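# Topology and contacts: notes
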Amino acid sequence: MAGIFLKFKVFIITGIAGLLVMAFVGCKLVSRFQEERINELTEAIEYVKDETVPMEFSIKESSKGKKEVTVGFYDLAGKYIGKKSIKIEGNDIYLEFRVIKLDSKNYMFFPYVIYSNSVSSEEGEKIIGLYKGNENFPAIYRQIETFFDKNKIDPEKLQTYKEKIAELYGYVLEDKLDLVEDQFGSAVHDYEKQGITKFKNGYTYQVICHTHTGSIEVQKKY
């Protein structure tokens, strides 16, 4: 299995002299608030299979200096959700995920933005909203119940899991990343000039997310 990994930590530093004490208290409250929800979600995610494929993509030349990226999304059971084609300036294309660390063995992944060597991540094309389902639930986490013993899972507990997943997704969707204590960006990319990898025209690639290590890799699908 061929893959490429690129990780970078995102550190959010907030500092205004007159509000330092208030900010510190607020962070403590947010941390406790998050900790309760993270603990609940960890119990759910630890049952999810080791590898999930929430997204696939293809890249082709659009016009001089531009590329067309087509992204498609799938739920946990492998059911197709939908796709969209996006044109972006640049030669080196990056597809960034936001990764939320629940604990040392459980992670959640949200496809977030497409950018390039010519377009920054801040100005890139957001894809986080393309798989928003009913009640703001991320469709890529549909069918999570298929990983549980149907005779043992409490319907109310399952609903709680889904609500917490939707809550975390909402923070990423609304760019409230400061409310998520342990999250980082992870991007796969087409690094044309230095030959690290080259996504070829006419090929479709899968993004494989490793639920229990937090890593991401790319594999040619066909």
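For the structure, check the block above.
No experiment lies behind these values; they were computed from the predicted model shown.

### Describing the overall build of the chain
- Each helix and strand in the chain was counted, giving two helices and ten strands.
- Along the chain direction, N to C, the helices and strands of the chain fall in the order β-α-β-β-β-β-β-β-α-β-β-β.
- Taking as baseline every contact in the chain between residues at least 6 positions apart, the subset at least 24 positions apart corresponds to 66%.
- Split by element, the accessible area of the chain, about 12200 Å² in all, is 50% carbon and sulfur.

### Considerations on the packing of aromatic side chains
- For the structure shown, the criterion picks out nine aromatic pairs.
- One aromatic cluster in this structure is built from Phe73, Phe110, Tyr131, Tyr141 and Tyr169.
- One Lys or Arg, Arg98, reaches over the ring of Tyr112 and ends 5.7 Å from the middle of that ring.

### Regarding the environment of Ile216
- Here Ile216 lies in strand E10 (residues 216-220).
- With relative accessibility at 1%, the residue Ile216 sits in the buried group.
- Considered as a pair, Ile216 and Glu51 are 165 residues apart in the sequence and their alpha carbons are 9.4 Å apart.

### Topic: the pattern of salt bridges
- Under the defined criterion, the tally for this structure stands at seven salt bridges.
- Among the ionic pairs, Lys126 bridges to Asp175, the shortest N-O distance being 3.1 Å. Taken as a pair, Lys126 in strand E7 (residues 125-126) and Asp175 in the loop between helix H2 (155-173) and strand E8 (183-190) lie far apart in primary sequence, 49 residues in all.
- The partly exposed category is assigned to Lys126, whose relative accessible area is 34%.
- Accessibility expressed as a relative area gives 42% for Asp175, which makes it partly exposed.

### Some words on the pairing of strand E6 (residues 106-116)
- Where burial is concerned, most of E6 is hidden: eleven out of the eleven residues are buried.
- As defined by bridge partners, strand E5 (residues 93-103) adjoins E6 across ten bridges and the pair is classed as antiparallel. When the bridges of E6 are listed, Tyr94 appears paired with Tyr115.
- The hairpin turn running from E5 into E6, its antiparallel successor, is two residues long.
- Relative to E7, E6 is paired through two bridges, and the arrangement is antiparallel.

Conventions adopted
- Residues numbered from 1 in each chain as written.
- Predicted model: local features only at pLDDT ≥ 70, side-chain atom pairs only at ≥ 80, totals over all residues.
- Heavy atoms only, no water.
- Helix = DSSP H or I, 4+ residues; strand = E, 2+ residues; numbered from the N terminus.
- Contact = heavy atoms within 4.5 Å.
- Areas by Shrake-Rupley, 256 points an atom, 1.4 Å probe, with all protein chains shown as cover.
- Phe/Tyr/Trp six-rings, centres within 6.5 Å; stacked < 30°, edge-to-face > 60°.
- Lys NZ or Arg CZ within 6 Å of the ring centre and 35° of its normal.
- Buried < 20%, exposed > 50% of the residue type's maximum accessible area, 1.4 Å probe, protein only.
- Salt bridge = Lys/Arg side-chain N within 4 Å of Asp/Glu carboxyl O.
- Pairing = 2+ DSSP bridges.

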